[in-house]
Amino acid sequence: EVKNRKDVKGIVIVGHTDNEPVNARGKFRTNYELGLARARAARTVWVDECGLKPGSVSIISAGPDDPPYSNDTAAERTKNRTVTIKIFPHTPGKKP
């Protein structure tokens, strides 16, 4: 389990989206808001179900700017509707 590992000091969850515009009448106004909602949902799972401290898990939205896959095909756009999780042996933003 990650929560019991002493070498893990910080976790950053990044919400991604494809490059298709979101529906202006939908729940999210921008892909950045959608990406942040994805990251927030993933953080909730890590905190509630994995027992991590909320302060050790940061979230950001990459929106459509840093996709894990190309946005050239529908299949690749589907893969970009995800989160990535980065685990650090030190607190992000601080020198180890």
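Residues numbered from 1 in each chain as written. Predicted model: local features only at pLDDT ≥ 70, side-chain atom pairs only at ≥ 80, totals over all residues. Heavy atoms only, no water.

## Here we look at the overall build of the protein
Link 1 in the chain: Helix and strand counts for the protein come out as two helices and three strands.
Link 2 in the chain: Every one of the 96 residues in the protein was classed for burial, and the buried ones make up 26%.
Link 3 in the chain: For the protein, restricting intrachain contacts to residue pairs at least 6 apart in sequence, the fraction spanning at least 24 positions comes to 70%.
Link 4 in the chain: Taken as a whole, the protein presents about 6,500 Å² of accessible surface, with 52% of it coming from carbon and sulfur. (Helix = DSSP H or I, 4+ residues; strand = E, 2+ residues; numbered from the N terminus. Buried < 20%, exposed > 50% of the residue type's maximum accessible area, 1.4 Å probe, protein only. Contact = heavy atoms within 4.5 Å. Areas by Shrake-Rupley, 256 points an atom, 1.4 Å probe, with all protein chains shown as cover.)

## Re the packing of aromatic side chains
Link 1 in the chain: In total, this model carries zero aromatic pairs according to the counting rule given.
Link 2 in the chain: For Lys79, the ring lying beneath its charged end belongs to Tyr69, and the centroid distance is 4.9 Å. (Phe/Tyr/Trp six-rings, centres within 6.5 Å; stacked < 30°, edge-to-face > 60°. Lys NZ or Arg CZ within 6 Å of the ring centre and 35° of its normal.)

## Side note on the sheet that holds strand β3 (residues 83-88)
Link 1 in the chain: Here three strands make up an open sheet; going across it, the order is β2-β1-β3 and the pairing mixed. The open sheet has two free edges, formed respectively by β2 (57-63) and β3, since each of these has just one partner strand. Direction aside, neighbouring strands of the sheet carry axes that sit 20° apart on average.
Link 2 in the chain: In this sheet, β3 lies alongside strand β1 (residues 10-16) in antiparallel orientation, the contact comprising six bridges. By the bridge assignment, Val14 is partnered in β3 with Thr84.
Link 3 in the chain: Against the sheet, helix α1 (residues 31-48) touches β1, β2 and β3, its axis set at about 155° to β2. (Pairing = 2+ DSSP bridges. Axes fitted to C-alpha atoms, helices over the stretch in contact; angles between N-to-C directions.)

## Describing α1
Link 1 in the chain: Look at α1: 26 Å from first C-alpha to last across 18 residues, which is about the 26 Å you get at 1.5 Å a residue.
Link 2 in the chain: When α1 is considered as a whole, its buried residues turn out to be Asn31, Leu34, Gly35, Ala39, Ala42, Trp46 and Val47.
Link 3 in the chain: On its buried face, α1 is in contact with β1, β2 and β3. (Expected span 1.5 Å × (residues − 1).)

## What about the pattern of salt bridges?
Link 1 in the chain: A full pass over the atoms with the stated rule returns three salt bridges.
Link 2 in the chain: Arg77 is paired through a salt bridge with Glu20; the nearest N and O atoms lie 3.6 Å apart. Taken together, the residues Arg77 in helix α2 (residues 74-79) and Glu20 in the loop between β1 and α1 connect sequence positions 57 residues apart.
Link 3 in the chain: A relative accessible area of 18% means that Arg77 is categorised as buried.
Link 4 in the chain: On the accessibility criterion, Glu20 (39% relative accessible area) is partly exposed. (Salt bridge = Lys/Arg side-chain N within 4 Å of Asp/Glu carboxyl O.)

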